[in-house]
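Below are the chains, spelled out letter by letter.
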Amino acid sequence: MPFTFIEIEEAKTRRIWIFFLVLILLHFAVLASLTAAAAEILSLPYDTFFSPRLMGWLIVLSLASASFHFGFATLDTIHFLHDNLAAVKPDPADGIHQRLLNIMQEIQVVTGNRKRIDCVVIPTLAMNALAAVDLRGNATIAITEGLLSRLTRPQLEAVMAHEAYHILSGDCRETTVAASFFGLPSAALGKISGGFAPGFRFSPSFLLAWTLLKLSQIFNMFISREREYRADAGAVRMTRNPIALAEALNLISRNWRGVGSIGEGFEMLCIVSPAAKALDETDGWRADLMSTHPPIRKRIEVLSKMAHQELSERIAKTAPTGRPDAARPAEPVFYALDPHHQWQGPYPLAELSALAWISPLTWISDGGAGIERAWKIPSIDPVIFMNRLKQDAMPVTSSLCPSCRQPLLETLYERTPLRQCHFCGGILIETAKISRIMARAENSFTDRISSLSKTVMKENQLKQSGHRAQNINRTMITLRSCPQCKNPMTRTFYSLAYLVEIDRCNFCGLTWFDPDELEMLQCMITNKMAGDPLVERTT
Amino acid sequence: MIEWIPLGLVVLGLLWIVIVYNGLVSLRNQVQNAWKQIDVQLKRRHDLIPNLVTTVKGAMEFEQDTLEKVISARAKAVSATGPHDKAVSENMLTQALGKLFAVVENYPQLKSNENIMQLQEELTSTENRIGFARQFYNDIVASYHIKQEVFPNNFVASIFKGFKKEEYYSAEDADRAVPQADLSLRKK
């Protein structure tokens, strides 16, 4: 894949157009196959059916039906978001929502105010975002409350830019056009494959039409994946911050991203696939053929390469202009991405160790090829992070944090012993001990935790939780390894009533909570049991 | 039939000139609009500062010097005329605001004040918009230059005299040397 966002954007645009043309040709091929099948069934000579006049009419009818389908599909797209996903306009009195409105304005500025884009918030704790355009030209970006609350400002900016790119590049319309072209043939073949009536004559042309239709679906998914890469590149062109988008994708991939009953057409326009299929994150030809989104790992890899390009420019600026002193051995230096997404450096190892903001998840480069998380760089990891752990008075365990890969510390929470990561705040606890913590409510909850928990309560009120839980149970994803036994952990909800995502090890009975998750769960359960409004227990 | 071919070619040629000319006019107007958008965002920042000063001055009685620097930097930025003066004075204003927010960090009652948080968010957003407006201006100037210079558009651009090269927005040397003020509310 090319290196810079401009090259990626151009290359992907070319490929999308070529494949879109192939898709349109496939549509006519399916139509011709169905016509041939009809001729065979009615025992009519082919030349009657394939006369130029009849074929002309068929093409006109097919285009008319596709236009009709397109019109209906896009007429009320925005209302669909409001009605089916309960999306609401951002509340300017809410600080987080106001930030979203401001970011939307910033995106309008960076695109030269080419098109007015609105934004809405979907009240769910899931983490996802999608773009929609209706027939009248109204464009909206819908973002979930979960994503809005958990992303930093630059990350949110990158996600909004990605979705805005889908709107401005016409991806939203193209997706609906593709669906419209194949809507009628799919319905016809679906009806036929549903069962043959007595006396129905099967024609081999049906098989051909079915094969072509499946081929078109594969092409459509390929185009969808290319669009995601292109929208990532477009977002970087707007924000010039590839790492922010990479980190947002990483965060989303570790959380529940379903946004309710959304429909196939919209799935392709979400920043990550809301179905959370294990297939989406695997390699191989099957995943390549059947996924609407590229694997997040690959997307992050491409974005990291773009970041390295950005880093190279910084290195060129900071490099000494004088003649290097050949006699002096060069001390290794590092560049680090600070919490504000700015590259800092060069730092020798001693200076790097002294940085207060450095953590195992900080992106580091030695100025050579590629960038890596700090924990992956052998010359940094044992030196800096072990020293910091030793400064803590708490005992160090042999279990490693699945995110930061650093030893967990033994600590107490609600007077219950558990293991916690010093750096990211994730918690490892025996599953049997969770109920103990839930029964105790000695600590009060912050406004942020209460706000996140409240969103889940709303979710339960919408009675959508059951459906989502069923979906996730069917497609359990293993994203982390157990810190104790190293077996894959299963990502699941705590329970159908409390939709907080956790990672469970079914081998040694341990549960991993990402930062905030344990408190959120505790806040939800405590308040629901007490029957009090959530705000009453806030500090 | 053959006699129509030269006429057809002439019509096609004229059509092509019209398309290229209209494209150049459109881009020229976009460049002018993009430049004005930077001013719009700078004005937005100037308008926010009096509110900020009013909100913090009561609680920051021992930091009058910092506040005065912000007020005077704003006054200079508002009255600056040339592009160079504007760039220098806006840079000074950014620095003064950065210092003000660093001082606000020392006042817990201000840090948790809802109005301050809102103003800080508004100023962060305005800083970003200024940056994005400049970025968009440079992008559109690049497109305008490419449109003028590529073959055979360069003939059309040279026939009509109204199309000249526009200047890119570039950071002044002083701007490069000074670290960008951090007005962000990013979570750590």
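The paragraphs below set out a description of the structure included in this document. (Residues numbered from 1 in each chain as written. Chains lettered and ligands numbered in written order. Predicted model: local features only at pLDDT ≥ 70, side-chain atom pairs only at ≥ 80, totals over all residues. Heavy atoms only, no water.)

A few words now on the overall build of chain A. Across its full length, chain A carries 19 helices and 14 strands. Evaluated residue by residue, chain A yields a buried proportion of 52% over its 539 residues. Counting contacts in chain A only where the partners sit at least 6 residues apart, residues at least 24 apart contribute 64% of the total. As presented, chain A carries roughly 24200 Å² of accessible surface, and 60% of it is formed by carbon and sulfur atoms. (Helix = DSSP H or I, 4+ residues; strand = E, 2+ residues; numbered from the N terminus. Buried < 20%, exposed > 50% of the residue type's maximum accessible area, 1.4 Å probe, protein only. Contact = heavy atoms within 4.5 Å. Areas by Shrake-Rupley, 256 points an atom, 1.4 Å probe, with all protein chains shown as cover.)

By the secondary structure assignment, Arg 134 of chain B is in helix 5 (residues 114–149). One polar contact links Arg 134 of chain B to Tyr 169 of chain B, side chain to side chain, over a distance of 3.4 Å. (Polar contact = N/O pair within 3.5 Å; in protein donor to acceptor, adjacent residues only side chain to side chain.)

Sheet strands associate in pairs through backbone hydrogen bonding, adopting either a parallel or an antiparallel arrangement. Residue and element names in this part refer to chain A. Strand order in the open sheet formed by 7 strands is 8-9-10-11-14-13-12, and the pairing between neighbours is antiparallel. Only two strands of the sheet have a single neighbouring strand rather than two, namely strand 8 (396–400) and strand 12 (490–493). With direction set aside, neighbouring strand axes in the sheet form an average angle of 40°. Where strand 13 (residues 501–505) and strand 14 (residues 510–513) come together, 3 bridges link them in antiparallel fashion. (Pairing = 2+ DSSP bridges. Axes fitted to C-alpha atoms, helices over the stretch in contact; angles between N-to-C directions.)

Here Tyr 494 of chain A shows up in the loop between strand 12 and strand 13. Beyond its immediate chain neighbours, meaning those up to four positions away, Tyr 494 of chain A contacts Ile 434, Met 438, Val 500, Ile 502, Arg 504, Leu 521 and Ile 525 of chain A.

Before going further, it helps to examine the interface of chain A and chain B. Between chain A and chain B, the residue contacts involve 23 residues of the former and 17 residues of the latter. In total, about 1900 Å² of surface goes out of reach between chain A and chain B, with carbon and sulfur atoms giving 50% of it. Contact with chain B buries area across many residues of chain A, yet Val 109, Arg 153 and His 340 of chain A alone supply 29% of it, more than any other trio. Linking chain A with chain B are 2 salt bridges. Arg 153 of chain A serves as the salt-bridge partner of Glu 121 of chain B, at 2.6 Å between the closest nitrogen and oxygen. Summed over the shared surface of chain A and chain B, the number is 10 residue pairs in polar contact (both at pLDDT 80 or more). Of all the secondary-structure elements, those providing two or more residues to the side of chain A that touches chain B are helix 5 (95–110), helix 6 (145–150), helix 7 (153–168) and helix 9 (204–239) of chain A. Of the residues that constitute the side of chain A that touches chain B, the class distribution is 6 nonpolar, 10 polar and 7 charged. (Buried area = accessible area lost by both parts, 1.4 Å probe. Salt bridge = Lys/Arg side-chain N within 4 Å of Asp/Glu carboxyl O. Nonpolar A, V, L, I, M, F, W, Y, C, P; charged D, E, K, R; others polar.)

Residues and elements named next belong to chain B. Where helix 3 (residues 83–104) contacts helix 5, the axes come no closer than 13 Å and their chain directions differ by 150°. Our classification of the angle between helix 3 and helix 5 gives roughly antiparallel. Handedness of the crossing formed by helix 3 with helix 5: left-handed. Touching Thr 94, Leu 97, Phe 101 and Val 104 of helix 3 are Ile 116, Gln 120, Leu 123 and Glu 127, all from helix 5. Counted by class, the contact of helix 3 with helix 5 contains 5 nonpolar, 2 polar and 1 charged residues. (Parallel < 35°, antiparallel > 145°, perpendicular 65-115°, else oblique. Left-handed = near helix turned anticlockwise from the far one by under 90°.)

On to the packing of helix 2 (residues 64–79) of chain B against helix 3 of chain B, then. All names here are of chain B. Remark: helix 2 packs on helix 3, axes separated minimally by 9 Å, with the N-to-C direction vectors making an angle of 160°. Judged on the interaxial angle alone, helix 3 and helix 2 are roughly antiparallel. Like other packed secondary-structure pairs, helix 2 and helix 3 cross with a definite hand, here left-handed. Along its contact with helix 2, which presents Thr 66, Leu 67, Lys 69, Val 70, Ala 73, Arg 74, Lys 76 and Ala 77, the element helix 3 presents Ser 89, Glu 90, Met 92, Leu 93, Ala 96, Leu 97, Lys 99, Leu 100 and Val 103. Grouping the constituent residues of the contact of helix 2 with helix 3 by class yields 10 nonpolar, 2 polar and 5 charged.

Quick look at the environment of Ser 26 of chain B now. Residue and element names in this part refer to chain B. Considering the arrangement of structural elements, one finds Ser 26 in helix 1 (residues 4–57). With relative accessibility at 35%, the residue Ser 26 sits in the partly exposed group. In this structure the C-alpha to C-alpha distance between Ser 26 and Lys 57, which are 31 residues apart in sequence, comes to 47 Å.

Note: most residues except glycine have negative phi, and most peptide bonds are trans. The omega torsion across Phe 151 of chain B and Pro 152 of chain B is 0°, close enough to zero to call that bond cis. Within the secondary structure, Pro 152 of chain B is located in the loop between helix 5 and helix 6 (153–159). Even without glycine at this site, Arg 405 of chain A takes up a positive phi of about 60°. Position of Arg 405 of chain A relative to the elements: it lies in the loop between strand 8 and strand 9 (407–413). Residue Arg 405 of chain A is classed as partly exposed on the basis of its relative accessible area, which comes to 35%. Positive phi, normally seen in glycine, also occurs at Asp 516 of chain A, with a value near 80°. Inspection of the secondary structure assignment puts Asp 516 of chain A in the loop between strand 14 and helix 19 (517–530).

Residue and element names in this part refer to chain A. Within the structure shown, the criterion is met by 8 aromatic pairs over all chains. Between Phe 19 and Phe 219, the ring centres sit 5.4 Å apart and the planes meet at 40°, which makes this aromatic pair tilted. Taken as a pair, Phe 19 in helix 1 (residues 5–41) and Phe 219 in helix 9 lie far apart in primary sequence, 200 residues in all. Exposure remark for Phe 19: the relative accessible area of 23% places this residue in the partly exposed category. Judged by its relative accessible area of 18%, Phe 219 falls in the buried class. The interplanar angle of 45° and the centroid separation of 4.5 Å between the aromatic rings of Phe 19 and Phe 222 together place this pair among those described as tilted. Taken together, the residues Phe 19 in helix 1 and Phe 222 in helix 9 connect sequence positions 203 residues apart. A residue is classified by how much of its surface remains accessible, and Phe 222, at 18% relative accessible area, is buried. Through a chain of ring-to-ring contacts, three or more aromatic side chains come together here, namely Phe 19, Phe 219 and Phe 222. (Phe/Tyr/Trp six-rings, centres within 6.5 Å; stacked < 30°, edge-to-face > 60°.)

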